[in-house]
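Overview (structure and organization)
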Amino acid sequence: MRIIGYILILLFLLIYPIYLGKFLCLKIKKDYSKGICFSYVLGFTVMIATFQVICVPLAILNISFHILVILFSVVSLILFVISVSQVRLNGLTVSQVDKKAISPEIKGLVAFLLLVICVQIGTLIVYGVYKWGADDASYLAISDSAIKHDVLFRYNSYTGVYEGLSIDQKRLTTTYHIFIAFLGKISGIHVLEIAHTILPIFLIPLSYCAFYIFSHLLFDNELKKSLVFMIMLSLMVAWGAFSSYTITFRMLVVPWQGKSLMSVIFMPFLLYYLFQIFINDWNSMEAFVLIMICIAGQSTSLMANGLFVFTVYAIFLCAFKLNRKWILKNVSLVGAFTLICGLDTLFYLFYDNLINILGLE
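The following refers to the structure shown. (Residues numbered from 1 in each chain as written. Predicted model: local features only at pLDDT ≥ 70, side-chain atom pairs only at ≥ 80, totals over all residues. Heavy atoms only, no water.)

Each helix and strand counted, the protein chain has 14 helices and zero strands in total. For the protein chain, the α and β elements follow one another from N to C terminus as α-α-α-α-α-α-α-α-α-α-α-α-α-α. Residue pairs in contact within the protein chain that sit at least 24 positions apart in sequence constitute 74% of those at least 6 positions apart. Surface accessibility of the protein chain: about 16600 Å² in total, with carbon and sulfur atoms responsible for 69%. (Helix = DSSP H or I, 4+ residues; strand = E, 2+ residues; numbered from the N terminus. Contact = heavy atoms within 4.5 Å. Areas by Shrake-Rupley, 256 points an atom, 1.4 Å probe, with all protein chains shown as cover.)

Spelled out as structure tokens, the structure:
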């Protein structure tokens, strides 16, 4: 049974996101979307966003957790089957790298980078370089209570007391830790083990994938320079755990927490993505992906509502100077992005009024 649980986690944290990302890249049809790293980060982002879209309404309506598990599993299965079939139909493989065309120097850089990442993952898992605190206890208590009580955000994560909808409303729109509960439910593995032992194996490489994608902006898609940058980044990260405000804290100390995903995965990916779609003409699928990045950020922290909108406006102003031809179309995209972030913020601000209007308790 435990082996089956590990396989299911591998499916949701690696295989499914990669194929989903490949499928979306087929619809984007742009050169920047090629590559296994982009597909992985994109697929994972859209998967988390999809979970957010399904979970929030169910949480507000006090639907049982097992209903969420069934519903998201069915949606994921459908998307996975469609993604695999479309990828196969178009004759694509998961990785389209010509190994013979890679020089020994590049192979050496890749090998050294992978070695550093493996050492970092091993250090975290074996030696338990954790930051224990109220945040971590609260997040995992939310995950654990969802499984034990079959409810969504109804128990106080600090006291264990049932509070109903009087619980802190920001919890209802940050559903990433319910996703951890989902992984625990389908695998039969305790959420503590998933968060502290299993998730770092996937999230640390995923964060490096996001920064590798971002490095293409800095070095104009020059592979050697990007790899050198990644090696320097990995070495700097390895020695930066002197404060809870460093990137090391988010990548190597508490990589399973929501703000960690927001800051070291979704934010670098958002920055890279914005430059690509604002400088060039964008299509409807790219607009959809931008919205999903926003929703994925919201699922990890309420902070993403302001931070992501500010980032979009900042890049938008830069794009305005570089390419005014598409300014009107970009305005509509920024407006849609702001609206999505604004809905979540308005929900938080007018939560009590909404509950009264819906007649919920």
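Having seen the model, we can carry on.
What follows covers unusual backbone geometry. Comment: phi is negative for the bulk of residues other than glycine, and the bulk of peptide bonds are trans. Backbone geometry places K29, a non-glycine residue, at a positive phi of 60 degrees. With respect to the helices and strands, the residue K29 is situated in the loop between α1 (2-28) and α2 (36-60). Judged by relative accessible area, which is 68%, K29 ranks as exposed. Look at N62: it is not a glycine, yet its phi comes out positive at around 60 degrees. The topology assignment puts N62 in the loop between α2 and α3 (65-89). (Buried < 20%, exposed > 50% of the residue type's maximum accessible area, 1.4 Å probe, protein only.)

So, on to the nonpolar core. Counting 106 residues, the largest nonpolar core has F38, I178 and F179 as its most contacted members. In contact with F38, not counting residues within four places along its chain, are C25, I28, Y32, S33, I213, F269, Y272 and Y273. (Core = buried A, V, L, I, M, F, W, Y, C linked by side-chain atoms within 4.5 Å.)

We now examine helix α6 (residues 176-187). Between its terminal C-alpha atoms α6 stretches 17 Å, which fits the 16 Å expected from twelve residues at 1.5 Å a residue. In terms of burial, α6 is a largely internal element, eleven of the twelve residues being buried. Within α6 the residues assigned to the buried category are Y176, H177, I178, F179, I180, A181, F182, L183, G184, I186 and S187. (Expected span 1.5 Å × (residues − 1).)

At a minimum axis distance of 8 Å, the contact between α1 and α6 shows a crossing angle of 145 degrees. Pair α1 / α6 crosses with right-handed handedness. On α6, the residues touching G5, L8, I9, F12 and L13 of α1 are F179, F182, L183, I186 and S187. In terms of residue class, the contact of α1 with α6 is built from eight nonpolar, two polar and no charged. (Axes fitted to C-alpha atoms, helices over the stretch in contact; angles between N-to-C directions. Left-handed = near helix turned anticlockwise from the far one by under 90°. Nonpolar A, V, L, I, M, F, W, Y, C, P; charged D, E, K, R; others polar.)

On the secondary structure map, S64 appears in the loop between α2 and α3. For S64, a relative accessible area of 26% translates into the label partly exposed. Residues S64 and I147, spaced 83 residues apart in sequence, show a C-alpha to C-alpha distance of 9.9 Å.

A contiguous nonpolar surface patch, about 520 Å² in accessible area, is contributed by F112, L115, V119, V228, M232 and L235. Elements represented by at least two residues in the nonpolar patch include exactly α4 (104-127) and α8 (223-238). Its location among the elements puts F112 in helix α4. (Patch = residues over 30% accessible without salt bridge, like charges linked within 9 Å, V, L, I, M, F, W, Y side chains within 5 Å. Salt bridge = Lys/Arg side-chain N within 4 Å of Asp/Glu carboxyl O.)

Time to look at the pattern of salt bridges. One pass over the structure, following the stated rule, counts five salt bridges. Residue K30 pairs with E286 through a salt bridge whose shortest N-O separation is 3.0 Å. Of this pair, K30 sits in the loop between α1 and α2 while E286 sits in helix α11 (residues 284-300); the two residues are 256 residues apart in sequence, bridging distant segments of the chain. Relative accessible area serves as the criterion here: at 23%, K30 is assigned to the partly exposed category. With a closest N to O distance of 3.5 Å, K225 and E222 form a salt bridge.

Tallied over the entire structure, the rule returns 19 aromatic pairs. When the ring of F51 is compared with that of F72, the centres are 5.0 Å apart and the planes differ by 85 degrees; the resulting orientation is edge-to-face. Placement of the pair is F51 in helix α2 and F72 in helix α3, with a sequence separation of 21 residues. For the pair F51 and F72, a shared accessibility class is recorded, and that class is buried. (Phe/Tyr/Trp six-rings, centres within 6.5 Å; stacked < 30°, edge-to-face > 60°.)

Structurally, T174 can be placed in the loop between α5 (134-149) and α6. Filtering out sequence-adjacent residues up to four positions away, T174 remains in contact with F153, Q298, S299, T300, S301 and L302.

As far as function goes, none of this settles anything; it's purely spatial.
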